[in-house]
Amino acid sequence: MGHSIWQAMQQKGYSRRDFLQFCTVAAAAAGLGSSAVAEVVSAFEKKAKPAVVWMHFQECTCCSESFIRASHPIVIDALLDVMSLNYTETLMAAAGFQAEKSLKDTITNNKGKYIVLVEGAVPTKDGGVYCMIGGRTAEEILKEVSADAAAIVAWGSCASNGCIQAAKPNPTGATPIHKLVDKPVINVPGCPPIADVMMGVVTHLLVTGQVPALDSLGRPKEFYGRRVHDTCYRRPNYDAGLFVESFDDENARKGFCLYKVGCRGPVTYNACAVTKWNEGTSYPIQSGHGCIGCSEAGFWDNQPFYQHLPSFPGFGIERTADTIGAAVGAATLAGVAAHAVVTNIRKHKVIAEVHAEEDKAEEKEPE
Ligand code: FSX
Ligand code: SF4
Ligand code: F3S
């Protein structure tokens, strides 16, 4: 402690240019405009490295794997340095008593100032025996590290809503962390969460020293304010009633909407269609697979994944979608259609024409 973020970066051999680049990306990731860069530079020149502990409970470590693959390696590198990541089972060099001491020292010497990042759910059945570290239960450790934390972040669906561990019949009593600590928790769901979203959340905490705006489920609004469906590039197909009926059919080849083969985009709040994965390369739907709703609570229990579920909990658009699909298929619609349906049919026609053109072009192409 004592070092500013800029000093810490200098010690690591970063140039002033690297530092400024880091500040620019950090400002953007934190949801601040470019006018805030100077402010961020000034803050990072003065701000002491915040102490951070990163806990691992019932999980697969993909959240960590995701985090270290954010689009800006320099930011992740710098973040891992500037955060003073004092305890994380998977990345730290220390082991055994030395590691436990580091955790204890961090939370006692930085009361009210340190950040807790939690990966994984916490088992509460049978005295918590299903996840123990250093002879203590995950629940005991979580409560201890959370008591004097400045902020608590739940990484991934496991920590946010229980995920696969909590799937029926939830044999270990896996519980999301917000149910176990009596403080607000920033939930960053997704199995795993998107690297750039994780980076954005951590950066926001570092830059502003404040919790980002959250929705009623404790999720940062900036990233979880819209459904995958709202920003999906296949949405015009959905609106036009153009659906994939089974994988590998002609419609799948044409990139139609995956709703009928199980896509949960309409009930899933996540930034996948905007931020995308692997440095903005793609996301499940873009690679031909419907969204399985991995950022929504209880998604493992809402199976089968490849079936479009009329009884899907809270699914308000189901009827609309089916009506559109049926309407487009019917030839006798003229005159009775509402404006929306007319629009959809018009879109359907345009898209059908485009595809007919494509088919013609393909036919003409020499073998
Ligand atoms: Fe859970 Fe993290 Fe799923 Fe894994 O570790 S959100 S199991 S992909 O990623 O906690
Ligand atoms: Fe995209 Fe799925 Fe919505 Fe279709 S149902 S538009 S594939 S999110
Ligand atoms: Fe998960 Fe759906 Fe995104 S499955 S990764 S929320 S597209």
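Residues numbered from 1 in each chain as written. Chains lettered and ligands numbered in written order. Predicted model: local features only at pLDDT ≥ 70, side-chain atom pairs only at ≥ 80, totals over all residues. Heavy atoms only, no water.

Peer 1: Go over the packing of helix α6 (residues 96-109) against helix α7 (residues 138-147), please, and point to the residues and values.
Peer 2: Relative to each other, α6 and α7 sit at 35 degrees, their axes nearing to 9 Å. Residues L103, K104 and I107 of α6 form the contact with α7, whose own contacting residues are I141, E144 and V145. When its residues are assigned to classes, the contact of α6 with α7 shows four nonpolar, no polar and two charged. (Axes fitted to C-alpha atoms, helices over the stretch in contact; angles between N-to-C directions. Helix = DSSP H or I, 4+ residues; strand = E, 2+ residues; numbered from the N terminus. Contact = heavy atoms within 4.5 Å. Nonpolar A, V, L, I, M, F, W, Y, C, P; charged D, E, K, R; others polar.)

Peer 1: So, the sheet that holds strand β7 (residues 151-155): which residues are in play, and what are the values?
Peer 2: The five strands lie next to each other as β2-β1-β3-β7-β9, forming an open sheet whose pairing is parallel. For this open sheet the edge positions go to β2 (85-88) and β9 (186-188), each flanked by a neighbour on one side alone. Recorded for the sheet is a direction-independent mean angle of 15 degrees between the axes of neighbouring strands. Strand direction decides the pairing type here: strand β1 (residues 52-56) and strand β3 (residues 115-119), joined by five bridges, are parallel. Note on β3: the bridge partner recorded for M55 is V118. Against the sheet, α6 contacts β1 and β2, and its axis sits at roughly 130 degrees relative to β2. (Pairing = 2+ DSSP bridges.)

Peer 1: For helix α9 (residues 195-208), give the residues involved together with the corresponding values.
Peer 2: Given a rise of 1.5 Å per residue, 14 residues ought to cover 20 Å, and the 20 Å separating the end C-alpha atoms of α9 matches this to within 8%. Among the 14 residues in α9, 13 count as buried, and that is most of the element. Positioned one or two residues after α9, G209 has a phi angle of 70 degrees, which is positive. (Expected span 1.5 Å × (residues − 1). Buried < 20%, exposed > 50% of the residue type's maximum accessible area, 1.4 Å probe, protein only.)

Peer 1: With reference to specific residues and values, describe the nonpolar core.
Peer 2: Formed by 52 residues in total, the largest nonpolar core has its most connected members in F44 and W155. It is α9 that contributes the most residues to this core, seven residues altogether. With near-sequence residues (within four places) excluded, W155 lies in contact with W54, C63, L117, V118, E119, G120, V188, P193, M198 and V202. Counting residues in hydrophobic clusters, the runner-up holds 27 residues, among them F57, Y87, C131 and I141. (Core = buried A, V, L, I, M, F, W, Y, C linked by side-chain atoms within 4.5 Å.)

Peer 1: Can you explain the environment of I133? Please cite residues and give values.
Peer 2: Looking at the secondary structure, you find I133 in strand β5 (residues 132-133). Residue class for I133 comes out buried when judged on its relative accessible area of 17%. Between the C-alpha atoms of I133 and G96, which are 37 residues apart in sequence, the distance is 9.8 Å. When sequence neighbours within four positions are dropped, the list of residues in contact with I133 reads H56, F57, Y87, E89, E100 and I141.

Peer 1: With reference to specific residues and values, describe the site of ligand 1.
Peer 2: With respect to spatial proximity, the complete set of residues near ligand 1 consists of E59, C60, T61, C62, C63, E119, G156, S157, C158, G190, C191 and P192. Between C60 and ligand 1, the recorded distance is 3.4 Å, taken from a backbone N or O atom to an oxygen atom. Contact between ligand 1 and E119: an oxygen atom at 2.8 Å from a side-chain N or O atom of the residue. At the level of secondary structure, the elements contributing two or more residues to the shell around ligand 1 comprise α4 (62-67) and α8 (156-161). (Near = heavy atom within 4 Å. Polar contact = N/O pair within 3.5 Å; in protein donor to acceptor, adjacent residues only side chain to side chain.)

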